[in-house]
Amino acid sequence: MGEVSYLPLIEEMVWSYSRIESFNDCPYRFFLKYISKCKETDKFYASYGSFMHKLIENYYRGFLAKDEMLTEFLTGFSKNVKGIRPQESTVQKYIKCGAEYLRGFQPFKYSMVDVEKRVEFEIDGLKFIGYIDYLGEEDGEYFIIDNKSRDLKPRSNREKPTVKDRELDEMLRQLYIYSAAVKQEYGKFPKALCFNCFKSGVFIEEPFREESYYEAIDWAKRMVEDIKSTDDFYPNREFFSCYYICGVSDDCVYDQMAREERRRKFR
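Just so you know, these numbers come straight off a predicted model, no measurement behind them. (Residues numbered from 1 in each chain as written. Predicted model: local features only at pLDDT ≥ 70, side-chain atom pairs only at ≥ 80, totals over all residues. Heavy atoms only, no water.)

Looking at the secondary structure, you find Glu 122 in strand E1 (residues 111–123). Judged by its relative accessible area of 43%, Glu 122 is partly exposed. When the C-alpha positions of Glu 122 and Ile 245 are compared, they lie 29 Å apart, and in sequence the two are 123 residues distant. Among residues more than four places away in sequence, those in contact with Glu 122 are Lys 127 and Gln 184. (Helix = DSSP H or I, 4+ residues; strand = E, 2+ residues; numbered from the N terminus. Buried < 20%, exposed > 50% of the residue type's maximum accessible area, 1.4 Å probe, protein only. Contact = heavy atoms within 4.5 Å.)

Written out as structure tokens, the structure is:
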């Protein structure tokens, strides 16, 4: 791939957090998905998250009543949650967690501005697009809420950040990038960035910090420059991510070779 420059294609891209994070996670996944345009296949964890997102969205759009969400989840799980299943105990855990969340579902305390809000905005001339799961408002202040299946933890506020604190900061990048869209449309930054962790039932509200915002914006710009300057979309091989997460692994020559090696090993 090093003999060909994909810069003309990359220069025309509209950016998103997921597009940048795809490169950050595995440059070859980025190549397959956004340059080669390989069709994605359904994966269990991603489709579970998408299904839960849709149920929450349908409630706020008035398509589902609160007492209908659990029934829709249980009856639609097999049809909507697709892909290679992890071990059965894991599947049952995800069903149990989703059921518990929906059984005790409580609407967000903020008035709804929009749900699954499509935003188009610019960061220093770079075109971006994104979808805000829920944009809320209270007393003239805005709140971004992101629905997450990931088991995030509230900030520990310890002098030395914990592993979970660092994970939270990584996840907040996306919401800080979306904050640029809120500022451009409404004239002010959100007051807080929130995670609704539906698998664990944890709700996290982080106050907006301008310093963290500019760090996230600088990270996004640096990553775009890295993508533009790369001439080697190398793979980051990691079994769980490749097998259970990556939607383009069926087109990945590196994953196909790894599968063949495993087959030979266990014959």
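In this structure, Gln 174 sits in helix H7 (residues 163–186). The class of Gln 174 is buried, set by a relative accessible area of 13%.

Take the pattern of salt bridges next. Side chains carrying opposite charge are able to pair once their charged atoms draw close together. Counting across every chain of the model gives 18 salt bridges. Among the ionic pairs, Lys 33 bridges to Glu 40, the shortest N-O distance being 3.3 Å. What makes Glu 40 partly exposed here is its relative accessible area of 42%. Lys 199 is the partner of Asp 151 in a salt bridge, and the nearest nitrogen-oxygen pair spans 3.1 Å. Of the two residues, Asp 151 sits in the loop between strand E3 (141–148) and H7 while Lys 199 sits in the loop between strand E4 (192–197) and strand E5 (202–207), which places them 48 residues apart along the sequence. (Salt bridge = Lys/Arg side-chain N within 4 Å of Asp/Glu carboxyl O.)

By the bridge criterion, eleven bridges tie E1 to strand E2 (residues 126–138) in an arrangement that is antiparallel. Following the sheet pairing, Lys 117 is matched in E2 by Ile 132. Connecting the antiparallel pair E1 and E2 is a turn made up of two residues, with Asp 124 showing a positive phi of about 50°. (Pairing = 2+ DSSP bridges.)

Okay, the packing of aromatic side chains next. What the rule picks out here adds up to 42 aromatic pairs. Arranged with centres 4.1 Å apart and planes meeting at 10°, the rings of Tyr 110 and Phe 143 form a pair that is stacked. With Tyr 110 in the loop between helix H6 (88–103) and E1 and Phe 143 in strand E3, this residue pair connects regions lying 33 residues apart in the sequence. Accessibility assignment for this pair places Tyr 110 and Phe 143 in one class, buried. Above the plane of the ring of Phe 189 lies Lys 183, whose end atom (NZ or CZ) is 5.5 Å from the centre. Over the ring of Tyr 94 we find Lys 199; its NZ or CZ atom is 4.8 Å from the centre of that ring. (Phe/Tyr/Trp six-rings, centres within 6.5 Å; stacked < 30°, edge-to-face > 60°. Lys NZ or Arg CZ within 6 Å of the ring centre and 35° of its normal.)

Here we take up the environment of Tyr 214. Along the chain, the position of Tyr 214 falls in helix H8 (residues 210–229). Spatially, the C-alpha atom of Tyr 214 lies 9.9 Å from that of Arg 173, the residues being 41 residues apart in sequence.

Just distances and angles here, no functional claims.
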